[in-house]
Protein chains: 2
Amino acid sequence: MTLDAGQLDTEQLDTTQLDTNAEASPKLGRKRDHTRDPDILAAALDVLAETGYEGMTMEMVATRAKAGKATLYRRWPSKGELVIDAIACMKHGDVDRDGLPDTGTLRGDLVAMIKPHTIEDSTRKMRIMAGLTSMISRSPELAEAARVAIVEPRASANRILLQRAIDRGEISADCDIENLAVVSQSMAIFRVLVLQEPVNRDFFIGLIDGVVLPAVGLGRARS
Amino acid sequence: MTLDAGQLDTEQLDTTQLDTNAEASPKLGRKRDHTRDPDILAAALDVLAETGYEGMTMEMVATRAKAGKATLYRRWPSKGELVIDAIACMKHGDVDRDGLPDTGTLRGDLVAMIKPHTIEDSTRKMRIMAGLTSMISRSPELAEAARVAIVEPRASANRILLQRAIDRGEISADCDIENLAVVSQSMAIFRVLVLQEPVNRDFFIGLIDGVVLPAVGLGRARS
DNA sequence: TAGATCCGGAACTGTTCAGTTTCGTATAGA
DNA sequence: TCTATACGAAACTGAACAGTTCCGGATCTA
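Residues numbered from 1 in each chain as written. Chains lettered and ligands numbered in written order. Predicted model: local features only at pLDDT ≥ 70, side-chain atom pairs only at ≥ 80, totals over all residues. Heavy atoms only, no water.

Time to look at the pattern of salt bridges. As a working rule, side chains carrying opposite charge can pair if their charged atoms are close by. All names here are of chain B. A full pass over the atoms with the stated rule returns 30 salt bridges over all chains. Across the pair Arg168 and Asp109 runs a salt bridge, and its minimum N-O distance is 3.5 Å. Highlighted residues: Arg168 in the loop between helix H8 (140–167) and helix H9 (177–195) and Asp109 in helix H6 (residues 106–112), separated in sequence by 59 residues. Residues Asp121 and Lys125 are paired through a salt bridge, measuring 3.5 Å at the closest nitrogen-oxygen approach. Of the two residues, Asp121 and Lys125 are both situated in helix H7 (residues 116–136); the distance of four residues between them amounts to about one turn of the helix. Residue classification places Asp121 among the partly exposed positions, given a relative accessible area of 29%. (Salt bridge = Lys/Arg side-chain N within 4 Å of Asp/Glu carboxyl O. Helix = DSSP H or I, 4+ residues; strand = E, 2+ residues; numbered from the N terminus. Buried < 20%, exposed > 50% of the residue type's maximum accessible area, 1.4 Å probe, protein only.)

Attention now goes to the packing of helix H10 (residues 201–215) of chain A against helix H10 (residues 201–215) of chain B. Where H10 of chain A meets H10 of chain B, the closest approach of the two axes is 7 Å, and the angle between their N-to-C directions is 120°. Considering the relative orientation of H10 of chain A and H10 of chain B, their crossing is right-handed. When H10 of chain A is examined against H10 of chain B, the residues Val211, Pro214 and Ala215 of chain A are found in contact with a partner set consisting of Val211, Pro214 and Ala215 of chain B. The residue inventory of the contact of H10 of chain A with H10 of chain B, partitioned by class, reads six nonpolar, no polar and no charged. (Axes fitted to C-alpha atoms, helices over the stretch in contact; angles between N-to-C directions. Left-handed = near helix turned anticlockwise from the far one by under 90°. Contact = heavy atoms within 4.5 Å. Nonpolar A, V, L, I, M, F, W, Y, C, P; charged D, E, K, R; others polar.)

Glancing now at the interface of chain B and chain A. Taken together, the contact between chain B and chain A spans 41 residues of the former and 41 residues of the latter. Here chain B and chain A share an interface that buries about 3,300 Å² over both sides, 67% of which is from carbon and sulfur atoms. On the surface where chain B and chain A come into contact, there are zero salt bridges. The interface formed by chain B and chain A includes three residue pairs in polar contact (both at pLDDT 80 or more). Secondary-structure elements contributing two or more residues to the side of chain B that touches chain A are helix H2 (37–55), H7, H8, H9 and H10 of chain B. Top contributing element to the side of chain B that touches chain A by residue count: H9 of chain B, with twelve residues. Taken together, the residues that form the side of chain B that touches chain A break down as 24 nonpolar, eleven polar and six charged. (Buried area = accessible area lost by both parts, 1.4 Å probe. Polar contact = N/O pair within 3.5 Å; in protein donor to acceptor, adjacent residues only side chain to side chain.)

All right, on to the relation of the copies chain B and chain A then. After a rotation of 180° and a shift along the axis of 0.0 Å, chain B superposes on chain A with an RMSD of 0.0 Å. As the rotation angle and translation indicate, the two copies are arranged about a two-fold axis. When C-alpha distances to the rotation axis are compared across chain B, the minimum falls at Ala215 of chain B, with a value of 1.8 Å. In this assembly the copies share their binding face: 100% of the residues contributing to the interface of chain B also contribute to that of chain A. (Least-squares fit on C-alpha atoms with pLDDT ≥ 70 in both.)

Turning next to the packing of H7 of chain B against H8 of chain B. Residue and element names in this part refer to chain B. Remark: H7 packs on H8, axes separated minimally by 11 Å, with the N-to-C direction vectors making an angle of 160°. Classified by the angle between their axes, H7 and H8 sit roughly antiparallel to one another. The two elements H7 and H8 meet at a crossing, and its hand is left-handed. Only Leu142, Ala143, Ala146, Ala149, Ile150, Val151 and Arg154 of H8 make contact with H7, whose side of the interface consists of Thr118, Lys125, Ile128, Met129, Leu132, Met135 and Ile136. Its residues placed into classes, the contact of H7 with H8 shows eleven nonpolar, one polar and two charged. (Parallel < 35°, antiparallel > 145°, perpendicular 65-115°, else oblique.)

So, about H2 of chain B. Residue and element names in this part refer to chain B. Taking 1.5 Å of rise per residue, 19 residues should cover 27 Å, yet H2 covers just 21 Å from first to last C-alpha, more than 12% shy of that figure. Along its length, H2 reaches its greatest deviation from straightness, about 90°, at Ala49. The complete set of buried residues in H2 reads Asp37, Ile40, Leu41, Ala43, Ala44, Leu45, Val47, Leu48, Ala49, Gly52, Tyr53 and Gly55. (Expected span 1.5 Å × (residues − 1). Bend = angle between axes of the 7 residues up to and from the residue.)

Here we take up the packing of aromatic side chains. How two aromatic rings sit relative to each other is set out by the distance from centre to centre and by the angle between their planes. Residue and element names in this part refer to chain A. All told, the structure shown has two aromatic pairs over all chains when counted by the stated rule. In this arrangement the basic side chain of Arg75 is found over the ring face of Trp76, its NZ or CZ atom lying 4.7 Å from the centre. Against the face of Tyr53 rests Lys79, its NZ or CZ located 4.5 Å from the ring centre. (Phe/Tyr/Trp six-rings, centres within 6.5 Å; stacked < 30°, edge-to-face > 60°. Lys NZ or Arg CZ within 6 Å of the ring centre and 35° of its normal.)

Bringing the confidence of the model for chain A into the picture now. Model confidence for chain A is summarised by a mean pLDDT of 85, while 82% of its residues fall at 70 or above. Predicted confidence for residues 1–31 of chain A stays below pLDDT 50, and this span has 29 contacts to residues more than four positions away or in other chains. (pLDDT = per-residue confidence, 0-100.)

Before going further, it helps to examine H10 of chain A. Here H10 of chain A is 15 residues long and its end C-alpha atoms lie 20 Å apart, about the 21 Å a rise of 1.5 Å per residue gives. When the local axis directions of H10 of chain A are compared, the greatest deviation, roughly 35°, occurs at Ile208 of chain A. Counting buried positions over the 15 residues of H10 of chain A gives eleven, a clear majority of the element. Summarising the contacts, the buried residues of H10 of chain A are in contact with helix H6 (106–112), helix H7 (116–136) and helix H9 (177–195) of chain A together with H9 and H10 of chain B. At the C-terminal side of H10 of chain A, Gly217 of chain A shows a positive phi close to 95°.

Listed below in structure tokens is the structure:
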């Protein structure tokens, strides 16, 4: 069993090494770039999404990244740390207020969030999440990395949209922002993980019109 | 890797064997009871909840059930089938209409569903679910078994309560029953799996008052 | 071109675990 | 009591895989 990623006292080393290597020792025969890192991390995420943590082997990651296993271990001390790093380095999408849609209505904003790109991205993240679940309960670092990289970005976007709707007087100020901000993610993970059904545009629209908007006093339950 | 449970053409054999063994061959020196089955299945669920599918070893299950590994393999052809059987044989709680609370209000009914026993049971099921996720995407039988034993009972209970509320005119008939019936489960799994936070009475009450009731036109968003 | 360094590939080690086999024992029916 | 059978325990087999080691070639600097 590989509980190894569980209790690490060395997780500090990771970032430390990264910084050090990137800046120091320019005297040598070659830049100590770790040029292959992005390829390897991307490969790790791919394999993770496809096979899950337990099904993922270092061989698979190496092969997919056209690298040698040795290269992986030169850079990360274990499979667990590689995965944590891969999650942490995920490009965690749109968090900035100004990049968010602002259509004037909550429904407009929520619907505007559903772009093909977003659905694709979301599905991939759900799959990665699914692949992580067994490990998450054993590794606090991994749980935190996943929360920051996958859950928070979308949750905080939703929080902002809801708050704007409150500010403009569109919805009541005492609605349950915290829960509502993660409803769609929860339902999406449930759908992918448990029901094995696709998460598509219709699903999200149905959620907005059937749950979120009614829950803030807009939509069908009032009409 | 143990994808074994994936494509089985023999899952019929399971129940067939059960029935056959229970009734046939009373000629022998001992009833062919498979007396140890319940202990073993219970042990399997325990280990599953604690360590997940990948972490669970046949040794653990045998030890916990005070049985030998050989006994397990005499009864089930593989680890995958044992797990499927364990899930399928789970006592899937209150599904009958008459056992459900009927307090006269939707809120009363939903709150009445939250008994300490239910929370405990729910938490255990969430953990088992968490332990299954990696395998669910590879085994349709397992996915189906989990849906029937874990998801459906509660979802259909919620559907009934919502329908009753509609019938008595308490809530609008065009509310999104299908989605609302799985909101609390989705959020609970999300909370356990991803956020690693406890699922307790307050959480469920918060969900009822902050999401479900507002979404059907009752509760804070209307008041 | 020479020297240092990084990389990919491939062979290797050790462990874990699913599944098997064997054996001594307990038990229920004749 | 005798006999057939199910059982627990323990040893065993074989495969998969994390992590290591070694080497030959590529690439950059001087």
